[in-house]
Amino acid sequence: RRKDEQCQAFVKRVTTSRLFKIIMISTISMNAFFMVLWTDYKIRYRLFRLFEISEVIFVAIYTSEFSMKLYVDPISYWKHGYNLLDVFIIVVIFIPYVLREVKGKHFHYHNVAEGIQSLRILKLITYSQAIRTLITAVGKIVYIVASVLILFFILMYIFAILGFYLFGVVERGDMSNWGSLDTIFFTLFSLATVEGWTDMQVQLEKHNFIVSRAFTIIFILLASFIFLSVFVVCIEGLPLTSTFDWVSLKKFEQDLMLEKRMEEKKQMILKRQQEEVNRRMQIQKTETVDKNLGELMENLKKSLRDTDPMVSSDFGTSLLFIDIYLSILDKQDATVKQLQKLYYKTTHVLGLMLKDLPEEKKSESLEKIDEK
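Going by what an unreviewed UniProt entry lists, the chain is known as Cation channel sperm-associated protein 3 and is assigned to Fukomys damarensis. Under Subcellular location (unreviewed entry), UniProt gives the following word-for-word description of the chain: "Membrane".

Engineer: Hey, could you run me through the packing of aromatic side chains in this one?
Structural biologist: Two aromatic rings, taken as a pair, are described by how far apart their centres are and by the angle between their planes. A full pass over the atoms with the stated rule returns 17 aromatic pairs. Their ring planes at 90 degrees and their centres at 5.5 Å tell us that Tyr77 and Trp78 sit as a pair that is edge-to-face. Judged by its relative accessible area of 4%, Tyr77 is buried. Taken together, the ring pairs connect Phe33, Phe34, Trp38, Phe48, Phe51 and Phe58 into an aromatic cluster. Here the guanidinium or amino end of Arg132 rests over the ring plane of Tyr82, the centre of that ring lying 5.7 Å away.

Engineer: Please explain the layout of surface pockets as it appears in this structure.
Structural biologist: Empty space among the atoms becomes apparent when a probe as large as a water molecule is rolled across them. For the second largest pocket, the calculated volume is near 900 Å³. What lines the second largest pocket is a set of 27 residues, among which Trp38, Arg44, Arg100, His110 and Glu114 lie closest to the centre. Among the secondary structure elements, those contributing two or more residues to the lining of the second largest pocket are α2 (18-38), α4 (48-72), α5 (81-102) and α6 (110-115). Per-element tally for the lining of the second largest pocket: the top contributor is α4, with 7 residues. The class makeup of the residues in the lining of the second largest pocket is 11 nonpolar, 9 polar and 7 charged.

Engineer: Please clarify how the UniProt feature "transmembrane region" (unreviewed entry) in the chain should be interpreted in this entry.
Structural biologist: The positions UniProt marks with the feature "transmembrane region" (unreviewed entry) are residues 19-38, 80-99, 141-166, 178-198 and 210-233. The span residues 19-38 is 100% helical and 0% strand by assignment, and the distance between its end C-alpha atoms comes to 28 Å. Helix makes up 71% of residues 178-198 and strand 0%, with an end-to-end C-alpha separation of 15 Å.

Engineer: What exactly am I supposed to notice about the nonpolar core here?
Structural biologist: General note: in soluble globular proteins, nonpolar side chains tend to be found buried as a group. Judged by nonpolar contacts, the single largest core of 19 residues is most densely connected at Trp178, Leu188, Leu191 and Phe219. Mapped by element, the contributors of at least two residues to this core are α7 (129-167), α9 (181-192), α10 (197-206) and α11 (212-237). Element by element, the count of residues in this core is highest for α7, at 6 residues.

Engineer: Is there a simple way to explain the pattern of salt bridges in this structure?
Structural biologist: Should their charged atoms come close, side chains of opposite charge can pair. Taken as a whole and judged by the stated rule, the model has 7 salt bridges. Between Glu114 and Arg100 there is a salt bridge, with its nearest N and O atoms 3.4 Å apart. With a gap of 14 residues between them, Glu114 in helix α6 and Arg100 in helix α5 connect regions that are remote in the sequence. Overall, the relative accessible area of 31% leaves Glu114 in the partly exposed class. Linked through salt bridges whose partners overlap, the residues forming this network are Glu65, Lys69, Asp86 and Lys123.

Engineer: Any chance you could explain the packing of helix α1 (residues 5-15) against α4 here in plain terms?
Structural biologist: Packed helix pairs are characterised by how far apart their axes lie and by the angle those axes make with each other. One can describe the packing of α1 onto α4 by two numbers: an axis separation of 9 Å at closest approach and a directional angle of 130 degrees. The orientation of α1 relative to α4 falls into the category oblique. Crossing of α1 over α4 shows left-handed handedness. Along its contact with α1, which presents Cys7, Gln8, Val11, Lys12, Val14 and Thr15, the element α4 presents Met68, Lys69, Tyr71 and Val72. The residue inventory of the contact of α1 with α4, partitioned by class, reads 6 nonpolar, 2 polar and 2 charged.

Engineer: Where do I start with α9 in this structure?
Structural biologist: An α-helical turn contains 3.6 residues, so a residue and the one three or four places further along point in the same direction. In a regular helix each residue adds 1.5 Å, so 12 residues correspond to 16 Å; α9 covers 16 Å between its end C-alpha atoms and thus fits that length. By the burial criterion, the buried members of α9 are Ile184, Thr187, Leu188, Ser190, Leu191 and Ala192. Following α9 by one or two positions, Val194 adopts a phi angle in the positive range, close to 55 degrees.

Parameters at a glance
- Residues numbered from 1 in each chain as written.
- Predicted model: local features only at pLDDT ≥ 70, side-chain atom pairs only at ≥ 80, totals over all residues.
- Heavy atoms only, no water.
- UniProt positions renumbered as here; feature names shortened; annotations may be inferred.
- Phe/Tyr/Trp six-rings, centres within 6.5 Å; stacked < 30°, edge-to-face > 60°.
- Buried < 20%, exposed > 50% of the residue type's maximum accessible area, 1.4 Å probe, protein only.
- Lys NZ or Arg CZ within 6 Å of the ring centre and 35° of its normal.
- 1 Å grid on protein atoms, 1.4 Å probe; cavity = no way out; pocket = protein on both sides within 12 Å on 5 of 7 lines; lining within 4 Å.
- Points joined across faces, edges and corners; volume = space filled by probe spheres on them.
- Helix = DSSP H or I, 4+ residues; strand = E, 2+ residues; numbered from the N terminus.
- Nonpolar A, V, L, I, M, F, W, Y, C, P; charged D, E, K, R; others polar.
- Core = buried A, V, L, I, M, F, W, Y, C linked by side-chain atoms within 4.5 Å.
- Salt bridge = Lys/Arg side-chain N within 4 Å of Asp/Glu carboxyl O.
- Axes fitted to C-alpha atoms, helices over the stretch in contact; angles between N-to-C directions.
- Parallel < 35°, antiparallel > 145°, perpendicular 65-115°, else oblique.
- Left-handed = near helix turned anticlockwise from the far one by under 90°.
- Contact = heavy atoms within 4.5 Å.
- Expected span 1.5 Å × (residues − 1).

See the structure below:
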């Protein structure tokens, strides 16, 4: 148990509030806009001081957001993928500052570190449910696309080896396009896109390769007209609506599981409270002082932990509550009967005392009683 639960709850309310979300989205958008202005050298020269101050403010906001979320839940924070994305972006943000301190301002790769700062805009994914749903849908499509790409790579590998031995002969081959595997893969990719394939075919025919036309036609038919068409059909034929339905179904299952866990937790708390009430009833039966139901419930509240809710509504429909309530009513009835007996005994004793008094004192006593 944490000792700062109130502060933790306050920070959690802040980080999950709508105002905090609006502030973060505005900050990320403003930062992206300033980075666009930074690419213009004239604007950078005029507003250099403004850009420096704004950069400090943006980094401070991002760091504060990370610190607040990590403070709320330092263990579960690392279990979510989008939180890990935020951590990665925080690391990227501090890379230029580290390189500047270690290597200096004129480090060769410092511009690369400045360029990857454009990844800051990815923080919008954390605050947009629509983008997260779309990314999940695209992730489902990747499996199908990857299968088609692997098959396409196998086709290119076969034709690359074949083309190397047919057209990459050192003495009379086309070394500029078929001399090595890296150039062959680039050539085959150009043939697959049907971009400038006639020029490549002309180069092959200059070297008098007989099978060059058959090789080019077969590869273009397989790569362009079959595999690329299958690739497009797979993407267009995949129903995105079913993908979004699948995402919604997953979210519904998660909500249902969370509700089930909350219900199980409630039942566990109720069972513990019932055991506590039963234990206190057993203790009360051995005590001479009677307690009402309110005192019993107050003592039960004191025995609970700070994070446990008081499940008192379910007691009203349980046999345990009815038994407790009836036993307390029985004790109250017994107390009333004892008071009535005590009252009768008191009046009887007073009557006997009046009989023993003389007639004069008895009349005076009766007058005083009448006056009262």
